[in-house]
Amino acid sequence: MDATIRTERLVLRRMGLDDTDFLFDLFSRPEVARWSGAGKPMTERAQAVERIEAQPGRAGDHPACGVFGVEVGEELVGMALLVPPPSSGGGARDDVEIGWHFHPDAWGHGYATEAARALVDRGFSAGFEELYAVTDPDNERSQAVCRRLGMTDLGLRDDWYDTTTRAFVLAAASGRGSDQ
Ligand SMILES: CC(C)(COP(=O)(O)OP(=O)(O)OC[C@H]1O[C@@H](n2cnc3c(N)ncnc32)[C@H](O)[C@@H]1OP(=O)(O)O)[C@@H](O)C(=O)NCCC(=O)NCCS
């Protein structure tokens, strides 16, 4: 499966250590870090290196899955993920999640939704029957992306990340989502 995905405005491609400055800038911003992991902004560049080095493990073994840098005109503007979400309690599940983190300067252009649609297509082409999105219950901007994708709101769920999330699902049978 191709490692690079092109959409009308975006290129999605694998990330590497050359992307450390971008990733550090992204996750040193409280408005981005708040919704990711421990919720604290990065303060050391080494944290960004660690996160990039963890990406292959995060993506798991399926060739369709990955953590992608998202470029507009060869500049990174964000990240989009097609990954197995960690199950609460460490139990075995075979769910697949789509996710997104964009630089605040790139919000409000529809880039996250466009990147996510590309990963929805990739996931369904790879044979996944359902794709989940797992959001902080207060993360309204992320939930708006889920709605733009035509995902169904599952409400509060404790299945992943050892915490309560507001989850959304899109089934392959329901098509590619809305065109909004
Ligand atoms: C969540 C996040 C990715 C959403 O980004 P976003 O830019 O709001 O989302 P979209 O890509 O769907 O863009 C939609 C917006 O672009 C606007 N837009 C402008 N041009 C557009 C176009 N050509 N096509 C589509 N939408 C367009 C839409 O009107 C909408 O604006 P609004 O926010 O004023 O309603 C972003 O807020 C973010 O990175 N947050 C921090 C990290 C985070 O929360 N990650 C999720 C963890 S679960």
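Residues numbered from 1 in each chain as written. Predicted model: local features only at pLDDT ≥ 70, side-chain atom pairs only at ≥ 80, totals over all residues. Heavy atoms only, no water.

Caption draft 1: Geometry of the site of the ligand. Inspection of the region around the ligand gives 20 residues, with W100, F102, A112, T113 and R148 positioned closest. Here an oxygen atom of the ligand and a side-chain polar atom of T113 are 2.4 Å apart. Protein contacts shield 70% of the accessible area of the ligand, which totals 960 Å² for the unbound molecule. Contributions of two or more residues to the shell around the ligand are made by α2 (30–33), β5 (97–102), α5 (111–125) and α6 (140–148). (Near = heavy atom within 4 Å. Polar contact = N/O pair within 3.5 Å; in protein donor to acceptor, adjacent residues only side chain to side chain. Areas by Shrake-Rupley, 256 points an atom, 1.4 Å probe, with all protein chains shown as cover. Helix = DSSP H or I, 4+ residues; strand = E, 2+ residues; numbered from the N terminus.)

Caption draft 2: Inspection of the packing of helix α1 (residues 20–27) against helix α3 (residues 45–53) at higher detail. At a minimum axis distance of 9 Å, the contact between α1 and α3 shows a crossing angle of 110°. The angle between α1 and α3 falls in the class roughly perpendicular. Our pair here, α1 against α3, has a crossing hand that is right-handed. Note on element contacts: α3 touches α1 through R45, A48, V49, R51 and I52, opposite T20, D21, L23, F24 and F27. Each residue belonging to the contact of α1 with α3 can be placed in one class, and the counts come to six nonpolar, one polar and three charged. (Axes fitted to C-alpha atoms, helices over the stretch in contact; angles between N-to-C directions. Parallel < 35°, antiparallel > 145°, perpendicular 65-115°, else oblique. Left-handed = near helix turned anticlockwise from the far one by under 90°. Contact = heavy atoms within 4.5 Å. Nonpolar A, V, L, I, M, F, W, Y, C, P; charged D, E, K, R; others polar.)

Caption draft 3: The pattern of salt bridges, seen in detail. Inspection of every chain in the model, using the stated rule, returns eight salt bridges. Residue D19 pairs with R13 through a salt bridge whose shortest N-O separation is 2.7 Å. Take D19: its relative accessible area is 8%, and that puts it in the buried class. Since its relative accessible area comes to 17%, R13 is described here as buried. (Salt bridge = Lys/Arg side-chain N within 4 Å of Asp/Glu carboxyl O. Buried < 20%, exposed > 50% of the residue type's maximum accessible area, 1.4 Å probe, protein only.)

Caption draft 4: Here's a closer look at the UniProt feature "domain: N-acetyltransferase" (unreviewed entry) in the chain. Here the UniProt feature "domain: N-acetyltransferase" (unreviewed entry) sits at residues 10–172. Between the C-alpha atoms that bound residues 10–172 the distance is 23 Å, and the span itself is 31% helix and 28% strand. (UniProt positions renumbered as here; feature names shortened; annotations may be inferred.)

Caption draft 5: The arrangement of the environment of L26 in detail. Position of L26 among the secondary structure elements: in helix α1. L26 gets classed as buried once you look at its relative accessible area, which sits at 0%. With 15 residues separating them in the primary sequence, L26 and P41 have C-alpha atoms 9.0 Å apart. Each residue touching L26, except ones within four places of it in the same chain, is listed here: V32, M79, H101, F102 and H103.

Caption draft 6: Inspection of the pairing of strand β4 (residues 75–83) at higher detail. Among the nine residues in β4, eight count as buried, and that is most of the element. Once strand β3 (residues 66–72) ends, the chain turns through two residues before running back antiparallel as β4, passing G73 with a positive phi of about 55°. Across six bridges, β4 lies against β5 in antiparallel orientation. Following the sheet pairing, G78 is matched in β5 by F102. (Pairing = 2+ DSSP bridges.)

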